[in-house]
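# Per-entry structural report
The primary structure of each chain is shown beneath.
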Number of protein chains: 2
Amino acid sequence: MRSSFVTLTALILVAWTLLAQQDARPGLAGFSGDNSRAEQEWEQRFRSAISPDNIGDYAKLLSARPHHVGSAYDKHDEEWLASKFKEWGWDVHVESFQILFPTPKERVLEMVEPVRFVAKLQEPPIPEDPSSNQQAEQLPSYNAYSIDGDVTAPLVYVNYGIPDDYEELERMGVSVKGAIVIARYGASWRGIKPKVAFEHGAVGCLIYSDPRDDGYTAGDVYPKGPWRPAEGVQRGSVVDMALYPGDPLTPGVGATSDAKRLKLEDVKVFTKIPVQPVSYADAQPLLAALAGPVAPARWRGGLPITYHVGPGPAKVHLKLKFNWDMKQINDVIARIPGASEADEWVIRGNHFDAWVNGAQDPVSGISAEMEEARTLGELSKAGWKPKRTIIYCAWDAEEPGLIGSTEWVETHADELRAHAVAYINTDSHSRGYLNVEGSHSLETFINQVAREVTDPEKNISVWQRRQLRRIADANSGEERERLRSRTTWPIQALGSGSDYTAFLDFAGVASLDLNYSGETDGGVYHSVYDDFYWFTHFSDVGFVYGRALAQTAGTAVLRLADADLLPFNFTDLFSTVRDYVNELQRLAENQSDQIRERNRQISEGVFSATSDPQKPLVAPAMEAVPPHLNFASLQNALDALNHSADHYERVYIKAAQDGGATLGRASLAQVNLELLQSERALTDANGLLWRPWFKHQLYAPGFYTGYGVKTVPAVREAIEQKQWSTAEQSINTVSKVLENEAAVIEKAAISLEQAIR
Amino acid sequence: MRSSFVTLTALILVAWTLLAQQDARPGLAGFSGDNSRAEQEWEQRFRSAISPDNIGDYAKLLSARPHHVGSAYDKHDEEWLASKFKEWGWDVHVESFQILFPTPKERVLEMVEPVRFVAKLQEPPIPEDPSSNQQAEQLPSYNAYSIDGDVTAPLVYVNYGIPDDYEELERMGVSVKGAIVIARYGASWRGIKPKVAFEHGAVGCLIYSDPRDDGYTAGDVYPKGPWRPAEGVQRGSVVDMALYPGDPLTPGVGATSDAKRLKLEDVKVFTKIPVQPVSYADAQPLLAALAGPVAPARWRGGLPITYHVGPGPAKVHLKLKFNWDMKQINDVIARIPGASEADEWVIRGNHFDAWVNGAQDPVSGISAEMEEARTLGELSKAGWKPKRTIIYCAWDAEEPGLIGSTEWVETHADELRAHAVAYINTDSHSRGYLNVEGSHSLETFINQVAREVTDPEKNISVWQRRQLRRIADANSGEERERLRSRTTWPIQALGSGSDYTAFLDFAGVASLDLNYSGETDGGVYHSVYDDFYWFTHFSDVGFVYGRALAQTAGTAVLRLADADLLPFNFTDLFSTVRDYVNELQRLAENQSDQIRERNRQISEGVFSATSDPQKPLVAPAMEAVPPHLNFASLQNALDALNHSADHYERVYIKAAQDGGATLGRASLAQVNLELLQSERALTDANGLLWRPWFKHQLYAPGFYTGYGVKTVPAVREAIEQKQWSTAEQSINTVSKVLENEAAVIEKAAISLEQAIR
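First, a word on scope: everything that follows refers to the structure included in this document. (Residues numbered from 1 in each chain as written. Chains lettered and ligands numbered in written order. Predicted model: local features only at pLDDT ≥ 70, side-chain atom pairs only at ≥ 80, totals over all residues.)

### What about the interface of chain B and chain A?
Basically, it comes down to this: Note that contacts rest on C-beta atoms placed from the backbone: two residues are in contact if these are within 7 Å. Segments assigned H or I by DSSP are reported as helices when at least four residues long, segments assigned E as strands when at least two residues long, and all are numbered from the N terminus. Residues are grouped as follows: Ala, Val, Leu, Ile, Met, Phe, Trp, Tyr, Cys and Pro are nonpolar; Asp, Glu, Lys and Arg are charged; every other residue, Gly included, is polar.
Counting residues at the interface gives 32 residues for chain B and 32 residues for chain A. At the level of secondary structure, the elements contributing two or more residues to the side of chain B that touches chain A comprise helix H13 (462-473), helix H18 (570-604) and helix H19 (606-609) of chain B. The leading source of residues in the side of chain B that touches chain A is H13(B), at 5 residues. Looking at the side of chain B that touches chain A residue by residue, the class counts come to 12 nonpolar, 9 polar and 11 charged.

In C-alpha cells:
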C-alpha cells in the first residue's frame, strides 16, 4: 500500500501545483470559463460600490439610542432595517418569536464585614460622550438569566473562575463552599464562571473587569483612550449556552407563539446561583478586604492592592431580583430569489440588538451587512441574477443567548437541512487583520475570497496581510516554513459566541464567521460606552474596515450564489480532521503520562518536600492511570475520508484543467445537491452526550469554555473529564460520522466524474 | 576510535556506579579509611554544636544600628568580630585599606513640567519597627559612585533598562538622547542601567522599585508583610563592576595606604551620568505624567496608571552632589594554622558592612559564619587539628563594590595563587532550599556535603530537598529523568554580586557561594527596613536556616581542611565545559538563523504589513549574515580535557576502591599541590579583552548583566555583540587555557598513579 500512497501523494502534489498556479489565472474555482469572467466583473463592481460613508451613516443611526431586546429603539432599528431592504429591492419579511428575557428589578451588592461598603453598580455619563447620558433607556448592569437570590457569605477570589483555578484553590486548601466568589472577566465565556462556582459549592458569583485585562494597565481609559474606565461594567448573558442556546423555554424548537414551553422551574440553563457583574471601582474595596493566602502570581491583576484569596474576612451581601418577562423579538429576513437553483440557499447574517448603544457590538457588523444588501440590490437592478437564492438576515436577541438566529434555525431546521449551502456570519469588528473561523470544507474558498479584498491601511490584499502577520507570529522556523509553503492559510474551528451557532451545530450548515481586528482594542464591550462617540474616536474611525468586511462577506455570498460547482474542498477537511485525531491521541497519552508522573512525584515526596510550611499546599492524591484508548476505528474512518477527499479532488482538478470549459459543458445539479449535504453528514441526530442539541461531531463550544471551541468534542471532552468508557463510545460515534462523510464525498466525486465525462 | 571510546565510556559507567554506591558507605571521598571515620566524628560533633540561638544573638547585636562603610557602628561590629575570634582561640588580625567612598551631600529630584512635584527621597520610620527611626545614623537613599550632576530633561520610561529594552524603544521610534531615563529595578544588576542609558545618549537615570516586582503586587507590604512599602528605596552601588570591582582608585592592586592611586578624573568605573534610586511613591507621579506610546505589555508594572514611554511631557530636574571622601575599611582575618599542610589554605568569608541595618544583608550570613568560628574553636580545644590552614574572613565594604575582599585578594594575590585550596562564600540567606554556585571541580564535593545537612523544616537532607524541588520545577520529562538518574545535582556558575568575585575571577581560586532561599522573599533589600524586626517576623525567624548554612559551609571547610586527597572532580568540569561549548555553537548558529530570517521578513514586507499605523513601529534594518565560526580548536581542547579528566577519575576510583586504605598508605603531598593549581590553570594572565582584571576564562559576570554570569565570557560576549573576529581570537585563547587545564589534570593523574602504586 505504501508505494501506491506515495504515488497518490505525488499526484496530489502535482495537482495542487496546478491549482496554486491557477490562482494567478483569470478563472475562479467552481466557475466555468465564461461564467468566471462575468462573475469577476460583477464582483469587481460590487466591491467598488461599497461605501464607508454609507456604513458610517447606518452605524450612527442604528446606535443612536440603547436598543436591547424589547426596547423601543430595538423596534425602531428593526423597522428601519426592514424598510431599507424593501427600498433596495429585496423580498423582505419580519419573523417574530416570543421569548423569555429577564431584566433587573432589584440589585444590591454590599460588603457587610469587616467594613461596610455599598457598590454603586452605575456607569456614569461622560461629558464628551453625547449618548452616555441616555440613562432612562439604558439597561442597568446585570447578567441575564442569573437566578433571583439573596445571599450573604464570605468572599473568595477565584481568578478567572475556570476549572484549573479551582484546582489551584484546592491545593491552597481554600474551599468556596457556602461562599460568594469574585472572578475576573476573561479566559472563559462569562457564563462558565457561575456554573463552575456552583459546582464547587459557591452560593453567589460576582464577575468584575480587572484593569490589567481591559482597564488602565491595558491602556488609557475612556474618554482619553479606548480602555475601560473605573466604573465601566461588562453586561452579558450567563445562560448555560453550552447546553443549548436560544430561548431557554423552547430548546430545539422555534419559540413561535404556539410552541410548547418549559415551565420556569424545569429550565436547566439558568444559573444555579445569583450573578452580578461589577466595575473595578466597585470590586477594589471587596478585594482589598480579603485575607487568607496571597493569590498566585498569575492571578494578580492591576489594582494597587495585594490580591488575597480569602475566604473572608470580607463578607458580602448580594440580592438580585428580576422581571421574568416574555418579549417579542423580530428577525428581519430578506431574499433575492435564485434564478436557476432557487432551492439552494446562501445565507448571510448579523444581529442588530445590543446591550446598550452597541456601536461596535453589533452595529459595526450589521452596518457592513446593510451596505452589502444595498449594493446587491443595485447589482440586481443592473441585471445580475444569482443562480441561487440569497437570504440576508438581521437577527434580534443575539445578546441574551443567540436567540433570534437560534429560534429561526430551529423553526426552519428541515428546510435548512434540505436547502442551505452555507451561512456567513459577522458581528463586531474593529481595525486590523481578517480573522476567519469556520467549516474547513470552505477553507480554500475563503482564502481565495480574501485575495480579492484590499487592506485599507496597507494596500495589499487582506489575505497577504494576514499571511505576513502569521509569519511574524510563528513560534518556530518550522511553522514559518510551513506557512510559506502554502497558498492558503488555515482557518480556525468555530466555537460559539455569535449567530452561526445554530446553523453549524444544530442544523449542520457549513458556516463562516468573519471579522477584522487585532489593532484597535478596548474596554467598552457591553458597557454604555460602546457607542458612536467611542467607535469614531478609537475603532474603525473612517469605517474603512467596515468596507473591507462588506467586501469580504459580500464577495463570498456572490461567489457561492453564482458558482457552477459549489467550491467545497475536502482535502482541507481531511487534513484538519487528521490533525484533530493526532491531537486527541497525544492528549490521551499526555494525560496518562501526567498522572503517572504525578503519582511518582507523590511517592518520591516531591509535594511534601516543596510545600512551604508558612504557605502550605495540599498534596494531590494518587490517581489511577487511565487505560489506553482504541483509536483504530477513527484511523480507519480517516483513511476512508482521505480516499474519498482525494478522489473528489482529482476529479475536480480534471474538471477545472481546461480553464473551466469542461465545467461549463456539464450539468452539475446532482453534484451540487450532494455537496450541499456534505456538512450535514458531519452531524449526528442524537447530538453530543449530555447536550443533544449540539449535533455537529467536529465542532462545539466547550462545556467548560463556553465560547472556545472543542474539536471532536465528544471524544475530547470525555478524555479531558477522564470518562474513559464514554471516550471509547464517542470514538465509535465520530468514526461512523466520518465514514458517512466519506461516503457523501465519494458519491459527489462519482457524480462529478459522470457529469464531466 | 569509536569502539575504544565506547569501552572507555562503559568503564566510566561501571566506575561511577561504584562511586555512587560508595555514597552509602562510611568512607568519605578524599579520605583514607581511618581518617574517614575520625573526620565523620568531628563533622558530626561540629554540626551538633551549631546553635540557632547564638546566631540570633549575634544577628541582633550586629544589626542593632546602621553600619555602612566608615560609620561608627561598622567599626563597632569589626571590633566585636575580632574580639570574638580571639575569644574563640583564633589567630586574628585586622587588615585595613584606604578607599574612596562617596556619600550624598545634595539630592534633588523634582518634576518641573507639566506639573510640579518634589520627590521626598525619604524612608519614614515605622512605629512597630524599633530600628527604623535611627535616621541620624542612616545613609540617605542614593546610588554609590554616581557622578555629581545637575540635569533637567524630558523623562523616558525604559522598563528594566537593559539592552533589549532599548532595541524595543528604537522600534517604537523613541530615543533617550538628551533625556533622563526612569528604569525599574530588576532583570540586571542596577549598575548596568545607567551604563546602558548613557550609551544611548541619556543624561540622567532614575531607578525605582515597581510594586509589581517587590511591592504590593508581590505581597503584603511592610510592616503587615515582608514586601516593599510605598516609600521604601533600594540603595546600592552603581560602580561599573564589570570592568573591575574593589576600590575604584586602585584597580588590580591592594588599596594600602602607600598604593599608587588613579586621579578621580581617570577613573573609568564611575557612572557617566547622575543616578538616583527612588521609591514607587516618588516614581508614580513622574510615570503618570508621561505621554507617548503606551509601554509594551511586558513593561507594565503594578502602579494604577497606564504606563507610557514618553519622552515627556514630564520634565525632570535631577541634582546630585556627593562627598568624595576616603574611608578606612577594616577586614577581620582569623586563622587556625594547618597541622601538616599549613601552606594549603581553605578560606571562608562573609561581609559585615551593610547599607543600613542589614539584618538580612549581610548579618544573616556573617552571624552563621561566626557560629562556625565559635564551633571550630571548640573543636580545636577538644583536640581537632586541621591538616590545612583555615582562614576565616569578615569583609568590610562589600556593599559599595566588593571592596574589602577585593583589596585583600589583590594585596595577597601571589600568596593566594600559591596556597589557596578554595574559597567558600556566604552572604544573605532566608528560608528554603540550598543554592550552590561555584567552580565545577567542586560540584561532586559540595553535593556530598549537602547530603550531611538536615533541612530544618522537612527533616530530610538539604540535598534531597533541593533534588525534589528540581524535579518539581523540571520543564520536561527528559529533564526529570536526567535529574533522577544522577546522584549529584548540577551547580550553577558564579557571576558576581558578592565577595567570591576577586577570589575566583582575579586570583583563580576555586570558589563556592552558598545560601538558603526560595521560600521567604520580600522587598526590604538595601532599605532601612532590612532590620532585626523585619528578619525575625518574616525571614528565618528562628535562625534555623542560619544553622543549616553554618552546618553546610562549616562541613565543607572541615572536609577540605582535613582531606588526605583534595576532593576535586574533573569529569564534572569536563561535562560542564562541553555543555558550554555546545551552547556557544548553538548561540552562533541561532544568531545567523535569526539574522537571515529577519532579513527575509524585511524583504517579504512582514514589518511594514504588521505595523499599526496608529502605533507605528520602525522596521529593523537588513544586517549582514555572520560568518561561520571555527570551533575546531575548542573541540580539540575539549577532547584533551575529557581524556585527562577520565584518566584522573580512573586513578582516583582505583585509589578509593578499598575503602580508602590505599590512600592512607600513599604520600599525596605532590598530588594535592597539583590539584590546588587546577583552577588557576583556567585563568589567563591577560584577562578578558576590554576588562583585563577578569582572568578566569570560564566564568565572569556579564558586561551587560552585571551579576548574571556569562560562561566562556570572551567567546560568548563577542558572539552576542557580533564581533566575529574577536570571537575567533577568543576561541583560541580559551582553547589554550583548556589545553593547559588538561595538562595540569594529567600531571595530577600521573602523580596520583605513582603515589598509590
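### What about the packing of helix H23 (residues 713-720) of chain B against helix H24 (residues 724-755) of chain B?
Residues and elements named next belong to chain B. Here is the rule: For every element, the axis is a line fit to its C-alpha atoms; helices are fit only across the contacting stretch, and the angle between N-to-C directions ranges from 0 to 180 degrees. With respect to orientation, any angle under 35 degrees is reported as roughly parallel, any angle over 145 as roughly antiparallel, any angle of 65 to 115 as roughly perpendicular, and every other angle as oblique.
Closest axis-to-axis distance for the H23/H24 pair is 8 Å, and the angle between their directions is 170°. The orientation of H23 relative to H24 falls into the category roughly antiparallel. Of H24, the residues touching H23 (which contributes Ala-714, Val-715, Ala-718 and Ile-719) are Thr-726, Ala-727, Ser-730, Ile-731, Thr-733 and Val-734. Per-class residue counts for the contact of H23 with H24 are 7 nonpolar, 3 polar and no charged.

### Some thoughts on H13(B)
As a reminder of what qualifies: A helix is expected to reach a length of 1.5 Å times the quantity of its residues less one. Put plainly, a residue is buried at 20 or more neighbouring C-beta atoms within 10 Å of its own, exposed at 12 or fewer, and partly exposed in between, counting only other residues' C-beta atoms, which are placed from the backbone.
Between its terminal C-alpha atoms H13(B) stretches 16 Å, which fits the 16 Å expected from 12 residues at 1.5 Å a residue. When H13(B) is considered as a whole, its buried residues turn out to be Val462(B), Trp463(B), Arg465(B), Arg466(B), Gln467(B), Leu468(B) and Ile471(B). Elements in contact with the buried residues of H13(B): helix H18 (570-604) and helix H19 (606-609) of chain A together with strand E13 (432-438), helix H12 (443-450), helix H14 (477-485) and helix H17 (544-562) of chain B.

### Here's the deal with unusual backbone geometry
Residues and elements named next belong to chain A. The step from Gly-312 to Pro-313 runs through a cis peptide bond, and the omega angle for that step is -5°. Looking at the element boundaries, Pro-313 is found in the loop between helix H8 (280-288) and strand E9 (315-336). The phi dihedral of Ala-187 is positive, around 70°, even though this residue is not glycine. Locating Ala-187 in the fold gives a position in the loop between strand E5 (180-184) and helix H6 (192-199).

### Some remarks on the pairing of strand E12 (residues 420-426) of chain B
Residue and element names in this part refer to chain B. Put simply, the test is: Between any two strands, pairing holds if DSSP finds at least two bridges.
The buried count for E12 comes to 7 of 7 residues, which makes it a mostly enclosed element. Pairing analysis gives 4 bridges linking E12 to strand E14 (residues 511-518), with the strands arranged parallel. Bridging from a neighbouring strand, Thr-426 pairs with Leu-514 of E14.

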